[in-house]
Every structure is written in structure tokens, then in C-alpha cells.
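# Understanding the architecture of this molecule
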Amino acid sequence: MGLYIPIGPYHPALKEPITIRIKVEGEKIVDADIELGYNHRGIEKLLESKLWISVPFIAEHVCGICSGVHQLTSIMGIERIFDIEDKIPERAKMLRIVGLELERIHSHLLWLGVAAHEAGFDTIFMYSWRDREKVLDLLEIQGGRRVVYSIGKVGGVRRDVDDKFIRKAKETMGYIRKQTKEYMRIFEEDPIVQARFRNVSILPYNVAIDLGAVGPTARASGVDYDIRAEDKYFGYSEEIGMRVAVRKEGDALAKVLVRLDEILVSADIIENVLENLPSGPIEIKVPPLKTPSPGEAFARSEAPRGELAYYYRSDGKRTPYRVKIRTPTLANILSAGYMVKGGYIADVPVAFASIDPCIACMERYVIINDGKKVRKIRWSRLIHYANKWFKENLHWLKEERVY
Amino acid sequence: MSGEQTQSQSQASSIAEWLKEVGVEAEIRVDKYNVAWTEIPPEKVKEAIKLLKEKGYRHLITISGVDLPDEGVMELIYHLAPVKMDGYPRLSLKTKIPRDKPEIDTITDIFTIAIVYEREVYDLLGVKFIGHKGLSRILLPKDTPEGYHPLRKK
């Protein structure tokens, strides 16, 4: 006999709109059920009515945080449909990598802040979001906007970078590297952080494989799988500093440290690429009404949250016949359900935040309220409850958990 | 470049050899972006995916569905990726099911994550996966009228 507690949905913009229905016995969670569908906007259907070259500019609105990777992966697929991928200039490819890695850094810093905030550690939240602003400044110079920056277009990139940008980027990368190492030290040493993150919501290696987890969620469980290293799209390689960050522990702390390690990798890549930026054109011209021959294409890439895949079908018209998007959060959702089980109610915020969920990415649809009344716990109240509970129970938890 | 092409062709022929084990004569086309495309009959899909998983295609990327009303079929595409197999292409396994009776065996007992992917295809295209426990709408509201699937063309 257990008690069901529904958590969420709360607010579409800030904390993700999703319902987690947990079954509890005392403080322990014995079962968890995740309900989706609060933020599906029908983008796949919308894309079927757009010209091929305007598809990327809708696709980037799938997600506000990782807009660049959505745009560039959709471009990758379209360039395969048009059969022009091998004609893309080297400089354009390298500038795409710079954009993608800047985005990875800002996404991971944003997530670090959110994860720390869920555990009640608001100082880290403030610091990491301050550092993220510096990265957003760079993206603003490169793309023209802080978010949804439209770096690429079919055939290349929209804007070139100048020496001033390169100088500023290198300076910022040095700063980001210094700060990231400091955060790593805090997360490895601080006893409060350890109490909230270590041995919490463990995802073992074989379960991560079995549930099809992707991205940092899987890599924190020892799964050595990164699409940048597997597919080598846009010219990712070891020469520009690409390496796969892996940890074996599988707990929430490992997920933090993997992401922090990835920030360091991204900083290396950006510095190396900008150091040896090839000269030449940044785009090839693609006619706006270009019609491809009938066919299909598949493209995938490593988004900040994991593997992102686009599938296109063309029937020889000006618009796509079918576009299919598979976002990383959907692949990680079963893992999130698994990680919540067996823990305490107070661990739910950290456990769920540890997959870095992006519900806006995962769903793509209009919200329809059916008017039914459900008892809800607001996320903020749950965090408040979790922090209070940990304050009161830390003394005996310390004995139960292995440090 | 030509060396790479012949290499992926040889991998493709070894995939074709594996598929013969489940009784499928499949023609495999590898495009220049290292994606292999093949089509097999729907009743063989489950066996074929089970075999491919044993051979090393251990990662199911997603399941795509395409509605083709002119041909009277729905096409399902299982996107599989090899894990730690050098040089093997990613594999897109296609199958066609009749549009008036869109049914196919589930693969949730082979890939657990197919639970969500199959629910998504069911929700948006109305394909019934036989043997899927809890096949219900995932993105659309639960009170959406029966038989309404937004990505169907007609």
C-alpha cells in the first residue's frame, strides 16, 4: 500500500513542464511514472509546409537552449538531401564547430546552475550563470543574438568572425577553464554537495545501455559513446582536441563532473579551431527555391544533452515530405524514471535534474487544458521540502550512505 | 575516398549475409554519408533486429514513420547504430505495412527504449504495435478522439 504523489507540471518557460507521479512508502520511492505532452507544438508538421532552406530557422526554435545544434543538424540533413555536403567550405565547418562548442559550454553552465539550485546551493547558481553570460556575449557576436542565434544556413554559415572575436574568445576560454576547474574542486570536496549528489540516483552501466541512455547521462555511467567521436561530422577529430569525457560511478555527482569535463574539452576545441582557422569563403550559394530529387537523408549529432537525430524524406517538391526529430531527452526519459526509483522524495529534484531534461525539445505541441483537477506539488515547494528534509536528516543519512 | 567506399560496401555485404540467416534477401545501399538503407518484409523485422543487436547494432536511435497514401502503405524506419564496430555504417531498416491495417510486432523486448519511440509513432501515425504493454498516447492529450493521428497525410 503506497501513496501516489504527482509532481508538476509547473511552468513551461523555466522549470520543465512535466508530471512525475511517484509512489511512495514512507520516504522511499517505490515506483515512478512520467507523463508528457504539456509542451508539444507540432513542429514536425509545421516543417512540412516550409521551403527547404527555411527549415533550419524553424528547427532552431525546437529548443531555446540548444538552438544551434538543432539548426546545424537540420542543415546537415538538408545538405545531404541536396547532395552538397562535400562542397561546404572548410572555414564554414570550423565556424559551425565554434558555435556548437560555445553552445555546449553555455548549456552545461546553465545546467550546472540549475542542478546546484535544485540542491539548494544558490551560490554556484549565481556564479555559473554569470560565467555563462560571457559565453552568450561571444554567441551574440558570432550569430547576432544571445539565444536562437542562427549561426548556420544551408550552404555554410551566416556570418564570418574577425580577429577581435578570436581574441575575445580565447580570453573567455581561459577564464571559463579557470572557473570550471574551481567548480570541479567544489563538487569534489564540499561536504554538503557530496551529501546531496554522491551515490544519489545511480544509473549502472548495463542499465544505461539497456534503457538506451545517451549523452552525458550515459557517459557518466561509463558508456564511452559520443557522436562527435563516432561520426566525425563537420570535421571533429582528435587533432582539434576532441576527446570523450567518461566517468564510471553513474551517480548524480558523476553527471556533474562529466559535464564540467566536457566544458574543458569544448574550451580546448574552440581554442584549437580558432588558432588554425582556415581562410576562404564561408558559404556556397544555394538557390532559395531549390528542389532536391526524391530521396531521404539521416543526420545525427551530439547535442549538449546527448544524441540528436533528424530524418528527412523528400518527394521532389519545394518542401519536405516528412521531417522526424528525435531529441536526447526522449531517449533519457526512461533512465530518469529508473533513477528516481529507490531514492528518497527529497532526491527527486537532483535525480531528475541530473539528466538535464529539456521538455520543450522533447515535445513539440500546443498545450490543451482538459480542466481536470489534479493535486500538484510545485517544483519550488518540493525543493524547499527537500532542503529542509536534508537539514533534519543528514546525521543518520551519513551513516547509511557510503562515502 | 574510393577505398572507404569499397570498405563500407564489404560491411554492407556482411550485413546482407546476416540477414540471410533470418531468411531475408535484402539489398543494401550505402550512401556516401555512411548510412546503409535496406528494406525487409514486416513479419521479419523483429527477428532481423534481434539478430542485428546480437551482431553489434546495440543502439536504437529512433523509429520514424512515414505515411504514403498514394502507395497505400505506411513506412516504418528503424534507425540502428553500431557500437564499437569499426567501419560499419549506421543502418536504416525500412519496412512497409498496409495503411488500412497498420500493425507490426513490437520490439520493446529487444530494445527497452522502444517503449517511448513506439508510443510516439502510435500517437502521431496510428501504427499499432502488437505486444506493446501500455500502448497509449504520449504527446497528445489523453482525451484526443480515437483514430485522430496528426501526421497522417489524409
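So, a few notes on the structure that sits alongside this text. A quick note: this is a predicted structure, and the numbers were derived from the prediction, not measured.

Cut-offs used in this document
- Residues numbered from 1 in each chain as written.
- Chains lettered and ligands numbered in written order.
- Predicted model: local features only at pLDDT ≥ 70, side-chain atom pairs only at ≥ 80, totals over all residues.
- Heavy atoms only, no water.
- Helix = DSSP H or I, 4+ residues; strand = E, 2+ residues; numbered from the N terminus.
- Rg over C-alpha atoms; globule rule 2.2 N^0.38 Å.
- Buried < 20%, exposed > 50% of the residue type's maximum accessible area, 1.4 Å probe, protein only.
- Contact = heavy atoms within 4.5 Å.
- Areas by Shrake-Rupley, 256 points an atom, 1.4 Å probe, with all protein chains shown as cover.
- Lys, Arg positive; Asp, Glu negative; His and termini not counted.
- Charge placed at Lys NZ, Arg CZ, Asp CG, Glu CD.
- Pairing = 2+ DSSP bridges.
- Axes fitted to C-alpha atoms, helices over the stretch in contact; angles between N-to-C directions.
- Expected span 1.5 Å × (residues − 1).
- Salt bridge = Lys/Arg side-chain N within 4 Å of Asp/Glu carboxyl O.

A separate point is the overall build of chain B. If you tally the helices and strands in chain B, you get 3 helices and 7 strands. Start at the N end of chain B and walk to the C end: the helices and strands fall as α-β-β-α-β-β-β-β-α-β. Taken over C-alpha atoms, the radius of gyration comes to 16 Å for chain B, in line with the 15 Å a tight globule of 154 residues would show. In terms of its C-alpha atoms, chain B occupies a principal-axis envelope of roughly 55 × 35 × 30 Å. Taken over 154 residues, chain B has a buried fraction of 60%. Contacts in chain B between residues far apart in sequence, at least 24 positions, make up 56% of those at least 6 positions apart. When the accessible surface of chain B is totalled, it reaches about 6800 Å², and 48% of it is carbon and sulfur. Within chain B, one finds 23 positive and 24 negative side-chain charges whose respective centroids are separated by 3 Å.

This part covers the sheet that holds strand 8 (residues 322-326) of chain A. Residues and elements named next belong to chain A. Strand order in the open sheet formed by 3 strands is 6-7-8, with antiparallel pairing between adjacent strands. Here the strands that pair on one side only, and so sit at the sheet edges, are strand 6 (295-303) and strand 8. Going from strand to strand, the sheet's axes swing by 10° on average, the running direction of each strand aside. Here strand 7 (residues 306-314) runs beside strand 8; their pairing, made up of 5 bridges, is antiparallel. In the strand pairing of strand 8, Tyr-311 is matched with Lys-324.

A separate point is helix 11 (residues 252-275) of chain A. Given a rise of 1.5 Å per residue, 24 residues ought to cover 34 Å, and the 35 Å separating the end C-alpha atoms of helix 11 of chain A matches this to within 8%. Within helix 11 of chain A, 20 of the 24 residues are buried, which leaves it mostly tucked inside the rest of the structure.

Next up on the list: unusual backbone geometry. Apart from glycine, the bulk of residues carry a negative phi angle, and the bulk of peptide bonds sit in the trans form. Residues and elements named next belong to chain A. The phi dihedral of Val-148 is positive, around 45°, even though this residue is not glycine. Among the structural elements, Val-148 can be located in the loop between helix 5 (122-143) and strand 4 (152-153). Even without being a glycine, Ser-201 presents a positive backbone phi close to 50°. Within the secondary structure layout, Ser-201 lies in the loop between helix 7 (191-197) and helix 8 (205-210). Since its relative accessible area comes to 10%, Ser-201 is described here as buried.

In the structure shown here, the tally under the stated rule is 47 salt bridges over all chains. The partner of A:Arg326 in a salt bridge is A:Glu307, with the nearest N and O atoms 2.6 Å apart. Taken together, the residues span a long stretch of sequence, with A:Arg326 in strand 8 and A:Glu307 in strand 7 at a distance of 19 residues. Judged by relative accessible area, A:Arg326 falls into the buried class, the value being 1%. Judged by relative accessible area, which is 1%, A:Glu307 ranks as buried. Where B:Lys96 meets B:Glu39, a salt bridge forms, and the shortest distance between an N and an O atom there is 4.0 Å. Of the two residues, B:Lys96 is situated in strand 5 (residues 90-98) and B:Glu39 in strand 2 (residues 35-39); the sequence distance between them amounts to 57 residues. Each member of the salt-bridge network shares a partner with another, and the members are A:Glu101, A:Arg104, A:Arg219, A:Asp226, A:Arg228, A:Glu262 and A:Glu302.

This brings us to the pairing of strand 8 of chain A. Counted residue by residue, strand 8 of chain A has 5 buried out of 5 residues, so it is predominantly covered. Burial along strand 8 of chain A is two-sided: A:Arg322, A:Lys324 and A:Arg326 and A:Val323 and A:Ile325, pointing in opposite directions, are all buried.

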